[in-house]
Amino acid sequence: MRRRLPAVALALGIALALLSAAPALAAGYRYWSFWDGSAGGGWSYATQGPSLARPKDGSVQGFRFSVSKDAAAQAAQPRAAADFRAVCGATAPTEGSKRVALVIDFGVPEDAPTGDTPPDAAPRTACAQVAADATTAEALASVAKPLRYNSAALLCAISGYPKQGCGDQVADGATRSAAPTPAQSAAPDSGGGPSAGLLAGIAAVVALAAAGIWQSRRRSR
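Okay, so let's go over this structure. (Residues numbered from 1 in each chain as written. Predicted model: local features only at pLDDT ≥ 70, side-chain atom pairs only at ≥ 80, totals over all residues. Heavy atoms only, no water.)

**Focus on the packing of aromatic side chains**
- What the rule picks out here adds up to 6 aromatic pairs.
- With a centroid separation of 5.5 Å and 80 degrees between ring planes, the pair formed by Trp32 and Phe106 is classed as edge-to-face. Here Trp32, found in strand β1 (residues 28-37), pairs with Phe106, found in the loop between β4 (97-105) and β5 (124-131); they are 74 residues apart in sequence, far enough to count as distant.
- Of the residues examined, Trp32 reaches a relative accessible area of 5% and is grouped as buried.
- Here the aromatic rings of Phe65 and Tyr161 are separated by 5.1 Å at their centres, their planes lie at 70 degrees, and the arrangement is edge-to-face. Note that Phe65 is positioned in strand β3 (residues 59-68) and Tyr161 in the loop between β7 (155-157) and β8 (168-170), a separation of 96 residues in sequence. (Phe/Tyr/Trp six-rings, centres within 6.5 Å; stacked < 30°, edge-to-face > 60°. Helix = DSSP H or I, 4+ residues; strand = E, 2+ residues; numbered from the N terminus. Buried < 20%, exposed > 50% of the residue type's maximum accessible area, 1.4 Å probe, protein only.)

See below:
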């Protein structure tokens, strides 16, 4: 029994050290987040991607490029209000089409990839008049080309920004956008728990401890 205790204590100590280091091992992602405008000009994180969402006439949809450590809790909102009248007030409705107000926030220089710069310092707005069954992606494409997607249909660039990359991981310690806001996310990092690598490391430690205990039992026989 005495021989087992050092192995168990060592395993627990390493596991606790890994858990306490979890925040330091965490990483953020540089990507375009997608938002639904809500009453009063606020924003709520979209629960569908732009290629699936089919907004109604009078809707406001927002996009924000930023670095977020945890998209579910810290994604940065567009820095302009979700105001349909301000964006589409001068666009008359027509039969068979709908108007979708779009707010496109290219973010801050600190969040830009190396060698790239946001094309606009302030959020850009546009009123997309599209077919009644059009998706948000189609509305966006009508006013903000070129768009770029990856093989998983993740939106990588709006109006050609950024030039490269898509949902790239950013090491902890890099500059991140301020004013994190609660949101539900289907973006690159949607959970706030330990990473898969951390859990795998803990599992490996436990396996080594088990092997040590087994060896101790063999020697004691």
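**Focus: the side chain of Thr136**
- With respect to the element layout, Thr136 can be found in helix α5 (residues 136-143).
- Residue Thr136 is classed as buried on the basis of its relative accessible area, which comes to 0%.

**Regarding the state of the cysteines**
- The final tally for this structure, using the stated rule, is 2 disulfides.
- Disulfide pairing places Cys88 opposite Cys127 at an S-S distance of 2.1 Å. Disulfide Cys88-Cys127: the torsion about the S-S bond is 115 degrees, which places it as right-handed. Note that Cys88 is positioned in helix α4 (residues 84-88) and Cys127 in strand β5, a separation of 39 residues in sequence.
- Taken in N- to C-terminal order, the disulfide-linked cysteines of the protein chain are connected 1-2, 3-4. (Disulfide = S-S within 2.5 Å.)

**Some remarks on the environment of Phe34**
- Relative to the helices and strands, Phe34 resides in strand β1.
- Apart from residues lying up to four places away in sequence, Phe34 is in contact with Tyr45, Ala46, Gln48, Gly49, Pro50, Ala53, Gln61, Gly62, Phe63 and Thr136. (Contact = heavy atoms within 4.5 Å.)

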